[in-house]
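Spelled out, the chains give:
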Amino acid sequence: MQRSEIIDVLQSNPSPNQILVSGWVRSFRSNRFIALNDGSTIKNVQCVIDFENFEESLLKKITTGAAITVVGELVKSQGQGQSVEIQVSNVEILGEADPEEVKLTILSPKKHSLETLREQAHLRIRTNTFGAVMRLRSKLAFAIHEYFQKNGFYYMHTPIITGSDAEGAGEMFRVTNLDAKKPPLHEDGSVNYKQDFFEKETNLTVSGQLEAETYAMGLGKVYTFGPTFRAENSNTSRHLAEFWMIEPEVAFNDLAANMDLAEDFIKYVIQYAIDHCQDDLEFLENRLLEEEKNKPQAERSEMSLRNKLRFVLENNFVRISYTEAIDILKNSAPNKKKKFKYLIEEWGADLQSEHERFLVEKHFKCPVILYDYPAKIKAFYMRLNEDEKTVRAMDVLFPGIGEIVGGSQREERYEVLKKKMEVMGIPEEELYWYLDLRKFGTCVHSGFGLGFERLVLFVTGMGNIRDVIPYPRTPGNAEF
Ligand code: 4AD
Ligand code: MG
């Protein structure tokens, strides 16, 4: 007999034909009602069992966490909460779950904190919250590919092991297979990477941008979607050491076109989630409501999760320059009352997440694109403006998240780029190929990077980035 998935079963009409479903027992009530889940949907199918007709020894094995197969007839439900249920004629226990041991895990049917769930990340996918988050994560990834493929972009795979530091920030994980105890040394005592696997120093990529630029110069419109790694010691709810980034790069696009692309793209994937993930979003919306009941009134969100998503779709992102933002921040109440941890005193200050969130959540109350940042606080590859002080950078800031996208128009002028690299101490020998792009048919081009987990955070309403990736890597933690 072919197995049916619960998502389809729940949408079927009652029928005298026997069906077969498999799943994990979420609960078994009154020796009669099994709530069964197979991951295809957040919803459980209720399986009704006439205990009089089954062996006591079998019934005892239907416990929370066990994997079972049931065969039965799909009938109209007598109870509330579902329109159909399975009248069970046969049960097979596939994998038992000892109740005494289950009690010690997050599979036990009581409320567990997100911290406890994190410690058992291999089991947390069996909870409603993580099922919903990870189904959404998968759908969002698909929507991202769909958006770019529909719009004529080519998906390219940038290398994960590289010799370059795309952001020039030095936050890289080294890749080596030298003996850590006694690496080959130069005469001066420094490690001789000539004897390493790649015969040079290599690291895990912090961004695929530079290689994506090379392909945009041939394919026109490309995007990457892959893992990136940052050895920054930021223990926040917004940072991971390993995260996934989407990086489109477009030849002939200037900064304004880059902003249009970012806004259109983000709106597309959010709309996709609303259209395709209704049950999971409804669950997460209620989860958030419950969670917020424990917060003081002032900290609760004014909008429900789905209203927040719709709000993003229905409003234009505000676009303001860094200079305008600094003026707003300087004169803001939290700055004057010294409520910011980092006070804004002068033009040129780097914006912290408290500033970004003030602009988005308190001042404009909608997503904001900040552009034309001081050259000094941005990466070497950004296009210098005529004022010679600012670069054509853009950050998209989101409520509850802060920076969700970082991008720019790229410096396409050979001499200007070369000089900038020199000043910033970026070795030309390593990036000769990047400079070559500016020698052979250079042109205006732009791109950006969207942090996938930050998008998933926003769409799911979760509060910590560790809860939107299956196995988070953060300082001091690489379990599983
Ligand atoms: O602003 P970032 O560093 O920009 C770049 O890497 C550019 N090369 C992108 C480009 O223009 N192609 O990172 C881009 C985005 C951020 O806006 C943020 O959403 C996310 O990546 N991000 C992180 N997400 C999770 N954990 C971290 N440690 C992150 N660092 C950046
Ligand atoms: Mg950034």
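The structure this text deals with has already been given above.
Residues numbered from 1 in each chain as written. Chains lettered and ligands numbered in written order. Predicted model: local features only at pLDDT ≥ 70, side-chain atom pairs only at ≥ 80, totals over all residues. Heavy atoms only, no water.

A.B. asks: Is there a simple way to explain the packing of helix H8 (residues 278–293) against helix H9 (residues 305–314) in this structure?
C.D. replies: For any two helices packed against each other, the geometry is given by the interaxial angle and the distance between the axes. The N-to-C vectors of H8 and H9 enclose an angle of 115 degrees; their axes lie 8 Å apart at closest approach. When the interaxial angle is binned, H8 and H9 end up roughly perpendicular. Between H8, through Gln-278, Leu-281, Glu-282, Leu-284, Glu-285 and Leu-288, and H9, the contact on the second element is made entirely by Leu-305, Arg-306 and Leu-309. Grouping the amino acids of the contact of H8 with H9 by side-chain chemistry returns 5 nonpolar, 1 polar and 3 charged. (Axes fitted to C-alpha atoms, helices over the stretch in contact; angles between N-to-C directions. Helix = DSSP H or I, 4+ residues; strand = E, 2+ residues; numbered from the N terminus. Parallel < 35°, antiparallel > 145°, perpendicular 65-115°, else oblique. Contact = heavy atoms within 4.5 Å. Nonpolar A, V, L, I, M, F, W, Y, C, P; charged D, E, K, R; others polar.)

A.B. asks: Explanation requested: the environment of Leu-457 in the structure shown.
C.D. replies: If you trace the backbone, Leu-457 turns up in helix H15 (residues 452–460). You can call Leu-457 buried: its relative accessible area is 1%. Along the backbone, Leu-457 and Lys-337 are 120 residues apart, and their C-alpha atoms lie at a distance of 31 Å. (Buried < 20%, exposed > 50% of the residue type's maximum accessible area, 1.4 Å probe, protein only.)

A.B. asks: How do you make sense of the site of ligand 1 when you look at a structure like this?
C.D. replies: Residues in close proximity to ligand 1 total 24 residues, the closest being Glu-167, Gln-209, Arg-230, Glu-247 and Glu-403. Take Arg-410: an N or O atom from its side chain is 2.9 Å from an oxygen atom of ligand 1. For ligand 1, the accessible surface in isolation is 630 Å², of which the surrounding protein chains cover 93%. If you tally residues by element for the shell around ligand 1, the top one is strand S15 (residues 402–409), at 5 residues. A breakdown of the residues in the shell around ligand 1 according to their chemical character gives 8 nonpolar, 8 polar and 8 charged. (Near = heavy atom within 4 Å. Polar contact = N/O pair within 3.5 Å; in protein donor to acceptor, adjacent residues only side chain to side chain. Areas by Shrake-Rupley, 256 points an atom, 1.4 Å probe, with all protein chains shown as cover.)

A.B. asks: What's the story with the pairing of strand S16 (residues 445–451) in this structure? I'm lost.
C.D. replies: Regular strands have side chains that alternate between both faces of the sheet. S16 sits mainly inside the fold: 7 of its 7 residues count as buried. Going residue by residue along S16, you find His-445, Gly-447, Gly-449 and Gly-451 tucked away on one face and Ser-446, Phe-448 and Leu-450 tucked away on the opposite face as well. Pairing of S15 with S16 involves 5 bridges; the strand directions are antiparallel. Looking at S16, one finds that Val-405 is bridged to Leu-450. (Pairing = 2+ DSSP bridges.)

A.B. asks: Would you explain unusual backbone geometry in this entry?
C.D. replies: When glycine is set aside, most residues are seen to have a negative phi, and most peptide bonds are trans. Not every positive phi belongs to a glycine, and Asn-31 is a case in point at roughly 55 degrees. On the secondary structure map, Asn-31 appears in the loop between strand S1 (15–29) and strand S2 (33–37). Owing to a relative accessible area of 29%, Asn-31 belongs among the partly exposed residues under this scheme. Positive phi is not limited to glycine here, since Lys-365 has a value of about 55 degrees.

A.B. asks: Mind showing me how you'd approach the environment of Gly-168 here?
C.D. replies: Relative to the helices and strands, Gly-168 is located in the loop between strand S7 (161–162) and strand S8 (174–175). C-alpha separation for the pair Gly-168 and Glu-100, spaced 68 residues apart in sequence, amounts to 53 Å.

Nothing here speaks to function; it is all geometry.
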